[in-house]
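Architecture at a glance
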Amino acid sequence: MANSLTRRSFFEVSGLAAAGLGLTACGGNNGGTQGGSGDTGVEPQDGSPATTALDKLPLPEKGKTYNNPKKRDEVKDDGTVTLAIGEVGPNWNYSSLEGNTTNMNWLWSLYMPVGLVDTDATGAKYTPNANYIKSLSSDESSGKQVITVVYADQAKFNDGTDIDWKALETAWKCLSGQNKDYQVAATDGWDKIETVAQGDTAKTAVITMKEPVYPYEAIVSMVLHPDIVDVDTFNSGFLNNPHVEYGAGPYIVDSFDDTHATFKPNPKWWGDAPKSTTVTYKQMEAQATFNAFKNGEIDSVGTGLSGTAEMLSNFNSMDDAQIRRGLSTSIAVIEINSTRGALQDVAVRKAFCQAVDPATIVSIVFQGVNWSEDAPGSMLIPYWADGYEDNRPDDLKNLKDASARTAAAKKTLEDAGYTAGSDGIYAKGDTKASFSFTTFGDSTTVKNRSAAIQKMAKDAGIQVDIDNHASSEFSKILSSGAWDTCLFGWNGTTTSIWNGVQLYGSESSSNFGKQGTADTDAEFAKVPSIKDKTEQFKQCNATEKKLMETYAYLPLFTGPDCSVVKKGLANYGPSLFESTPVTDLGWQKD
């Protein structure tokens, strides 16, 4: 599926979860500790039988995809694929803050021009998508980086408007951060552009950079219809309106409401015809997906972080289903809103982070499944990747068991002047170490995970109240910022190390922990312009360490990217960063 290469999208971490969450699992050396129940064999690329004992599931390998990759001539024509999704809309503008969800990324990949540059599974190789881009080059001989894009002659938006230099200029104007009226999710990369101008013809865009970016290809991975340059259209024009006329992809939105979105082939599409003539996403809570899959209502269940025994045990008698588990690129985090109540005190935030044991959460989430992992230490770099460092403070990562965590959390509060009351909860004056923990979905995993966090906090003298909502409310509530603490996920990209400004920027709407300074903003802003990748990682890690010391961001766990699918579903499932054409989604031939 297509993906944004320059920004990260957030997603709900429920029993169903959203695509992309999960970081790593590897049978070999992946830079971390990956445990399992001995030699369980090698996972096939089309997955393991759903009847496999969960503690015997084979572990995926680094750099491999598990999406049953098939060439177009191996996929049937006129297929129908039905999938589950956590929410449909309400904001269909994936470029906006509220629309910047992994759910919307899936939907945009079908009908919007967002996959203009393809990547391989590791994210190391970039190739222009010939459906949109005829040629792409970069030149620095003038002393500035100048990127030239020549768009394909046939590339047009659905209303007939050419995809040309104006479409790229529109994306730059909306996403650069120069106009604060645009409610954007991120400006990373776009803020480095000095000008976008027409070249020899309107089909040629010439980008002059204020500062270079590496890899430069990522900066041209999407365009926007020129009409979207209107601020009101950008911010609110997509509310319950997908604007099919602004699309330029293999599909169009045929019908939608808050319960579903159905896509049909775009009659104006100029590339390979979609193998599936109907793709439908149905909005469902986690528990509902299990029966829906067993009853044949949907063709896949789960994705990131959903490879739990709670989910997988539902299908162990299904001979026509496969479990596909792969390494993933993203991470589950607890973000702590440092502007709220007691959480304004760094001592309360630190004590909470010390009290929560990631290993306990992993044991709850993946109990009975062949999966174990080290606690992650970065929101920007997966721990199986080159350049990864554990950026958590020593007074977090050196705590090895529950008793040490509880003792450390209590000492942090007492050193800050807090005393335990008769109920065991610490307070200092009128400030009580008490706040809410916001969750989404109705799965048992969500409930058990939340209860464990609540108990670990209580053992340390911190009161945590659970605030649960339906999955369909996720993006609205999260983007509102009207919560104290929340566990959710960040979907990774090939340029995740660019995204320090997005996730930690002092003025970023995507910085839900609300920490960061002008100095750390400037340090993160240097990263995309560093040509040497080793030095990019070095700068990124050094700055992230400073933000982790604010105790507003707690990387919690990773897990596999996991889908259970009907046997024969092709080009769907865990695929790391690989660009799989949505036109090839369908059912393999017998």
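Residues numbered from 1 in each chain as written. Predicted model: local features only at pLDDT ≥ 70, side-chain atom pairs only at ≥ 80, totals over all residues. Heavy atoms only, no water.

What to know about the pairing of strand β14 (residues 321–326)
Just so we agree on the cut-off: Each residue is assigned to one of three classes by its accessible area relative to the maximum for its type, calculated with a 1.4 Å probe on protein chains only: buried under 20%, partly exposed between the two thresholds, exposed over 50%. Strands here are runs of E lasting at least two residues and helices are runs of H or I lasting at least four, both read from the DSSP assignment and numbered beginning at the N terminus. A pair of strands is treated as paired once DSSP finds two or more bridges between them.
Burial within β14 is extensive, with six of its six residues counted as buried. Sheet analysis places strand β2 (residues 48–49) next to β14, joined by two bridges and oriented antiparallel. Each residue of the ladder has a partner; that of P49, found in β14, is Q322. Inspection of the sheet shows β14 paired to strand β23 (residues 561–566) by six bridges, in the antiparallel sense. The partner of Q322 across the bridge, within β23, is V565.

What about the sheet that holds strand β12 (residues 276–283)?
Inclusion rule: Axis angles are defined between N-to-C directions and span 0 to 180 degrees, where every axis is a line fitted to C-alpha atoms and, for a helix, only to the segment in contact.
Ordered in space as β3-β12-β11-β10, the four strands form an open sheet in which the pairing is mixed. Of all strands in the sheet, those bounded by a partner on one side alone are β3 (79–85) and β10 (251–257). In this sheet, adjacent strand axes meet at a mean angle of 15° when their direction is disregarded. Across seven bridges, the pairing between β3 and β12 is parallel. Following the sheet pairing, G79 is matched in β12 by S276.

With respect to the side chain of N370
Stated precisely, the cut-off is as follows: Any pair of nitrogen or oxygen atoms within 3.5 Å is treated as a polar contact; in protein, a donor-acceptor pairing is required on top of that, and neighbouring residues in sequence qualify only through side-chain atoms on both sides.
Among the secondary structure elements, N370 is positioned in the loop between α7 (358–365) and α8 (394–397). Of the polar contacts made by the side chain of N370, one reaches the backbone oxygen of L57; its length is 2.7 Å.

Describing α7
Filter applied, for reference: Working note: the arc is built from the helix axis to C-beta atom directions.
Listed in full, the buried residues belonging to α7 are P358, I361, V362 and V365. Considered in projection along α7, the buried side chains sweep an arc of 100° and stay on one side of the axis.

Section: the pattern of salt bridges
Here is the rule we go by: We count a salt bridge whenever a side-chain nitrogen from Lys or Arg sits within 4 Å of a carboxyl oxygen from Asp or Glu.
Counted under the stated rule, the structure contains 24 salt bridges. One salt bridge connects R72 with D272, and the closest N-O pair in it is separated by 3.8 Å. On the criterion of sequence distance, the pair formed by R72 in the loop between β2 and β3 and D272 in the loop between β11 (260–265) and β12 is long-range, its members being 200 residues apart. The exposure class assigned to R72 is partly exposed, which follows from its relative accessible area of 23%. On the basis of relative accessible area, D272 is assigned to the partly exposed category, the value being 44%. For D584, the salt bridge goes to R72, with nearest N and O atoms at 2.9 Å. One end of the pair, D584, is in the loop between β24 (569–570) and β25 (586–587); the other, R72, is in the loop between β2 and β3, with 512 residues separating them in the sequence. By relative accessible area, D584 is classed as buried at 10%. A single salt-bridge network, built from bridges that share partners, covers R72, D272 and D584.

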